[in-house]
Amino acid sequence: ASGYINVAAGAHEITVRSPGDATVLWQQEVTAGASPLTLVASSTQTLTFNAYEDSFSSAGVGTSRFSVIHAIEGAPGVTITANGETGPSLEYGQFAGTFDVPAGIYTIGVNAGDSALIDETPIGFVSNTTHMLVVYGTADNPELMELSAPIVGAGDSGLVRIAHTVAGAPDVDVYTDGTLIVPAL
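1. Thoughts on the overall build of the chain
No. 1: Regarding its fold elements, the chain presents zero helices and 14 strands.
No. 2: Counting helices and strands in the order they occur from the N terminus, the chain gives β-β-β-β-β-β-β-β-β-β-β-β-β-β.
No. 3: Projected onto its principal axes, the C-alpha coordinates of the chain cover approximately 55 × 45 × 35 Å.
No. 4: For the chain, the share of sequence-separated contacts (at least 6 apart) that also reach a separation of at least 24 residues comes to 48%.
No. 5: Carbon and sulfur atoms make up 50% of the accessible area of the chain, which amounts to about 10700 Å² in all.

2. Observations concerning the sheet that holds strand S7 (residues 85-90)
Sheet strands pair by backbone hydrogen bonding; their relative direction is either parallel or antiparallel.
No. 1: Taken in spatial order, the four strands line up as S7-S6-S9-S10 in an open sheet, and their pairing is antiparallel. The open sheet has two edge strands with one neighbour each: S7 and strand S10 (115-125). Ignoring strand direction, the axes of neighbouring strands in this sheet form an average angle of 25°.
No. 2: In this sheet, S10 lies alongside strand S9 (residues 104-112) in antiparallel orientation, the contact comprising eight bridges. Its bridge partner being in S10, Thr-107 is matched across the sheet by Pro-122.

3. Focus on the packing of aromatic side chains
Remark: the centre distance and the inter-plane angle together describe each pair of aromatic rings, the angle taken between the planes.
No. 1: Within the structure shown, the criterion is met by six aromatic pairs.
No. 2: With 5.9 Å between their ring centres and 25° between their planes, Tyr-52 and Phe-95 make a pair best called stacked. One end of the pair, Tyr-52, is in strand S4 (residues 50-53); the other, Phe-95, is in strand S8 (residues 95-102), and 43 residues separate them in sequence.
No. 3: Classification of Tyr-52 by relative accessible area gives buried; the value is 7%.
No. 4: Note on Phe-95: relative accessible area 30%, which makes it partly exposed.
No. 5: Taken together, Phe-66, Phe-99, Tyr-106 and Phe-125 form an aromatic cluster joined through their ring pairs.

4. Notes on the pairing of strand S14 (residues 179-182)
No. 1: Relative to S14, strand S13 (residues 174-176) is paired through three bridges, and the arrangement is antiparallel. Looking at the pairing, Tyr-175 lines up with Leu-180 of S14.
No. 2: Remark: two residues form the turn of the hairpin made by S13 and S14, two consecutive strands paired antiparallel; Asp-177 in that turn has positive phi of roughly 50°.

Criteria and cut-off values
Starting afresh in each chain, residues are numbered from 1 along the sequence in its written order. It should be noted that, the model being predicted, local features are given only for residues of pLDDT at least 70 and side-chain atom pairs only at 80 or more, the latter also being counted only at that level, while totals for whole chains, interfaces and linings use all residues. Values shown for side chains rest on all heavy atoms present in the structure; no hydrogens or waters enter the calculation. Only DSSP runs of H or I covering at least 4 residues are called helices, and only runs of E covering at least 2 are called strands; the numbering of each starts at the N terminus. Contacts: residue pairs with any heavy atoms within 4.5 Å of one another. Using the Shrake-Rupley algorithm and a 1.4 Å probe, accessible areas are obtained, with residue cover drawn only from the displayed protein chains. When DSSP locates at least two bridges between a pair of strands, those strands are taken to pair. Each axis is a line fitted through C-alpha atoms, taken for helices only over the stretch in contact, and angles between the N-to-C directions span 0 to 180 degrees. Working definition: a ring pair exists when centres of Phe, Tyr or Trp rings (six-membered ring for Trp) sit within 6.5 Å. Plane angles under 30 degrees give stacked, over 60 give edge-to-face, the rest tilted. Accessible area is worked out with a 1.4 Å probe on protein chains only. A residue is then buried under 20% of its type maximum, exposed over 50%, and partly exposed in between.

Treat this as a map of the structure, not an account of what it does.
In structure tokens, the structure reads:
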């Protein structure tokens, strides 16, 4: 997946080709506007992007935002769990969100009926960041992709980037003024 790419507001024709090949696989018009869009191609039967809106509205320090997309064509409906609690149920192509939660480590699982489709996986939700989780692949080989991007802080705020580059050192939690902002860096 790419990061968000700045494009002018309005309609755009998206053309998809194999690398180095002039043959067009598909073309599609997409309208960019005030809300950021995530375009997900998930089917070889119908070559198209499904468009999902993300939310970059302000969030308080220590708050993360997440959403989930079911992008496994032909897979049964799924139920998302977070820290053992049952969350939304989704059919193929559906989107659930936007949930604002405290920054931290969340154990996310994806179930189909009573069976785990994707085992519970710890994911760090960083402060002032949107985390879009995409359940993709096939019913026999499902995967979970996390797409993240910074969102605007509440009120008068500034941007800070934190890097932990000490070789062999353990993960650390980072706080600002007593509020967890980066779990398990």
